[in-house]
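Given next are the chains, with one letter for each unit.
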Amino acid sequence: MWNESFRQHLSKRPTCKGNLQWNTHKEEQRGFVWRATLNCDNCNFISKKYKLYKEVQTTKKGPKPAAINYGMQVGLSQVSMGSSGLRKILLSGNIPAPSTKGMQNSANKVNEKIEIQNVADMADIRTELKTINKMRGHPESHIDVEGDGCYNNPLYSGIGKTPFQPATQSCYVVVENMTDKKLVINLVTKINCAVMERIIREDLIGRFALDLSQRCHAEYKSALKHCDGNFQTFKRKLSHTVDAIILCYQSKHCICKRNSFVCKGIEDPWINKSIYLPKTFKLNLTLKQQSELRKCINYRLGPKELERTKLGTNTQKSECVNRIIRRSLPRSNTFSKNFQGRANSAVSSANHGPGESVMALCLSVGAPVTAGSKVHTHLQQEQKIYENHKQYKKLAKYMKNRKQKAKAKFDLYSKNQEVNKYEKGMLLKSQKNIRQKLADTARGDHEAYTKKAKKIIG
Ligand SMILES: [Zn+2]
Ligand SMILES: [Zn+2]
């Protein structure tokens, strides 16, 4: 730019002795970067406009977007900050920030591309798993998966008002269980699924399903603590627990004391701890229904399942994925427009690690990180740290450490339960009133009945 302008100035005004300088009146901001011209401090020479950035190659007409503007949006999609947050940081550092509208525009475009890229990437992973199955001689489409959902507003934030506040945004991730990488192979995002959520959650069956899942998890955790890591004892004890749970939901606590880890029998049954079900909840099951229920419980606590979740890596991955999604989609912000893009970006980060993911996504939006550059080295370093950490997590020493942490967490969980009980009291207050009324009417009926009986006898 400078050399070219010098030459032009010299050929156009051979006699001028002036110096070239930045033309501050004619600079033009493009997000994070500028288009600038030079002028002479002596004559009226003005150079042509120079772009001080790399462009993204697009097929569309009009000025091409700057790569840095797209690259920055890739980064933003993997942290819990939005455009306005970044603007604040820049402005407080006395750095001219791009306009909110401009950033929003590039965010929309980039997130669209991220979604396309990650969806294709997950499809590739699924194809790969099918190939593995083929080589192992298993049916191709039989892929062991584990799913987990997360919602963008806490379900119980409406306590006292509406017991089950519907989620405005929700993600459901499907994690494969075939390799020890535990890759995310599908992601379902939903916005404003309020109606569906309400139907599911207000329905007692839905609540029972939630409670059952929580119960299984509680039994699992508690048993783990109880058996102190001895897997054989753990497995044997839990096989009896399955029977206890089935009877317990039918209000038969005869074997709870012996075989359940969370129900203390008739004096302090599990149902008192349940945050989903009323205390009076009771199932009347036919033999067929009992075996259906057993299947459900075995899905989590059955010997096969336990063998597979032996090291506890299973639930841990989903938690880990959820944590990464939380980072891209914090509860405090509602990214209505770019919700899908951000969730997909998070999944990409979970699947490939922080460095690789950023490089792949930057490439896919047309703003590649230059190979061999300092930025490239730094991203590689970050990736290495992440991989070392992952390796370290698999070591025995760390496993033991984590078990202790799990124990501590469990204690915390029990403490929380007490708080939950209190919340539940508030939650069910109105229901209690209804129940009281029902009981009253029943008593009324009873009195009428006694009168009738007396008449007959009398
Ligand atoms: Zn001049
Ligand atoms: Zn019980």
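Residues numbered from 1 in each chain as written. Chains lettered and ligands numbered in written order. Predicted model: local features only at pLDDT ≥ 70, side-chain atom pairs only at ≥ 80, totals over all residues.

Per an unreviewed UniProt entry, the recorded name for the protein is Mutator-like transposase domain-containing protein, and the organism is Mytilus edulis.

J.: Sorry, what's going on with the pairing of strand E3 (residues 33-36) here?
T.: Regular strands place their side chains on alternate faces of the sheet. By the bridge criterion, 3 bridges tie strand E2 (residues 28-30) to E3 in an arrangement that is antiparallel. Counted as the bridge partner of glutamate 28 is arginine 35 from E3. Linking two consecutive strands that pair antiparallel, namely E2 and E3, is a turn of 2 residues; a positive phi of about 65° is found at glycine 31 within it. Bridge analysis of E3 against strand E5 (residues 50-51) gives 2 bridges, and the strand direction is antiparallel. Counted as the bridge partner of arginine 35 is lysine 51 from E5. (Pairing = 2+ DSSP bridges. Helix = DSSP H or I, 4+ residues; strand = E, 2+ residues; numbered from the N terminus.)

J.: Where do I start with the packing of helix H12 (residues 339-352) against helix H13 (residues 354-364) in this structure?
T.: When two helices pack together, their arrangement is given by the angle between the helix axes and by the axis-to-axis distance. Contact geometry for H12 and H13: axes closest at 7 Å, N-to-C directions at 130°. The angle between the axes of H12 and H13 places the two elements in the oblique class. Every pair of crossing elements has a handedness; the one defined by H12 and H13 is right-handed. Residue-level contacts link Ser345, Ser348, Ser349 and His352 of H12 to Pro354, Glu356, Ser357, Ala360 and Leu361 of H13. For the contact of H12 with H13, the residue count by class is 3 nonpolar, 5 polar and 1 charged. (Axes fitted to C-alpha atoms, helices over the stretch in contact; angles between N-to-C directions. Parallel < 35°, antiparallel > 145°, perpendicular 65-115°, else oblique. Left-handed = near helix turned anticlockwise from the far one by under 90°. Contact = placed C-beta atoms within 7 Å. Nonpolar A, V, L, I, M, F, W, Y, C, P; charged D, E, K, R; others polar.)

J.: How should the packing of helix H2 (residues 67-76) against H13 be read in this particular structure?
T.: The contact between H2 and H13 brings their axes to 9 Å, and the two run at 140°. Between H2 and H13, the interaxial angle falls into the category oblique. The element H2 and its partner H13 pack so that their crossing is right-handed. Contacts between H2 and H13 involve Gly71, Val74 and Gly75 from the former and Val358, Leu361 and Cys362 from the latter. In terms of residue class, the contact of H2 with H13 is built from 4 nonpolar, 2 polar and no charged.

J.: Any chance you could explain unusual backbone geometry here in plain terms?
T.: Most peptide bonds adopt trans geometry, and most residues besides glycine take a negative phi value. Within the chain, asparagine 94 stands out as a residue other than glycine whose phi angle is a positive 60°. Relative to the elements of secondary structure, asparagine 94 occurs in the loop between helix H3 (83-92) and helix H4 (100-136). Using a count of 6 C-beta atoms within 10 Å as the deciding quantity, one classes asparagine 94 as exposed. Positive phi outside glycine occurs at serine 251, with the angle close to 65°. (Buried ≥ 20, exposed ≤ 12 C-beta atoms within 10 Å, placed from the backbone.)

J.: Where do I start with the sheet that holds E5 in this structure?
T.: Reading across the sheet, the 3 strands line up as E2-E3-E5 and stay open at both edges, with antiparallel pairing between neighbours. Both edges of this open sheet fall to E2 and E5, since each of them pairs with a single strand only.

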